[in-house]
Amino acid sequence: MERPLDHHLPASSATVHWGHLDPAAAPVLRLAPGERAVIETLSGGPRNLPPEGHPCRVLDSHRAVMATQAPHLGPTC
């Protein structure tokens, strides 16, 4: 029998970094050796969402991330 997961990290405005990794950011989850986690991610932005009436449903928490976060795609030259 498979053991249950130890942690669940939802995608939220507090946990998502859109388009970049920030080495100065504080950790949002720490795992001890042997612990397991499910980590929610987002793929794409508002333009990639299914249209109204589509059978796929976008989570409200994911819509909130897109509404409150702006992409930070790295330095501009």
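See the structure above.
Below is a summary of the structure that appears in this document. (Residues numbered from 1 in each chain as written. Predicted model: local features only at pLDDT ≥ 70, side-chain atom pairs only at ≥ 80, totals over all residues. Heavy atoms only, no water.)

### Some details on the layout of surface pockets
Quantified by volume, the largest pocket comes out at close to 190 Å³. Val16, His17, Glu40, Thr41 and Leu42 are, among the 14 residues lining the largest pocket, the residues nearest its centre. Here the residues of the lining of the largest pocket are counted per class, giving nine nonpolar, four polar and one charged. (1 Å grid on protein atoms, 1.4 Å probe; cavity = no way out; pocket = protein on both sides within 12 Å on 5 of 7 lines; lining within 4 Å. Points joined across faces, edges and corners; volume = space filled by probe spheres on them. Nonpolar A, V, L, I, M, F, W, Y, C, P; charged D, E, K, R; others polar.)

### Details of the environment of Val65
With respect to the element layout, Val65 can be found in helix α1 (residues 60-68). The sequence separation of Val65 and Ala14 amounts to 51 residues, and the corresponding C-alpha distance is 8.5 Å. Setting aside its immediate chain neighbours within four residues, Val65 contacts Ala11, Ser12, Ser13, Val16 and Leu42. (Helix = DSSP H or I, 4+ residues; strand = E, 2+ residues; numbered from the N terminus. Contact = heavy atoms within 4.5 Å.)

### As for a nonpolar patch on the surface
On the surface, Val28, Leu29 and Leu31 cluster together to form a nonpolar patch covering roughly 230 Å² of accessible area. By the element assignment, Leu31 lies in the loop between β1 (7-9) and β2 (37-39). Note on Leu31: relative accessible area 45%, which makes it partly exposed. (Patch = residues over 30% accessible without salt bridge, like charges linked within 9 Å, V, L, I, M, F, W, Y side chains within 5 Å. Areas by Shrake-Rupley, 256 points an atom, 1.4 Å probe, with all protein chains shown as cover. Salt bridge = Lys/Arg side-chain N within 4 Å of Asp/Glu carboxyl O. Buried < 20%, exposed > 50% of the residue type's maximum accessible area, 1.4 Å probe, protein only.)

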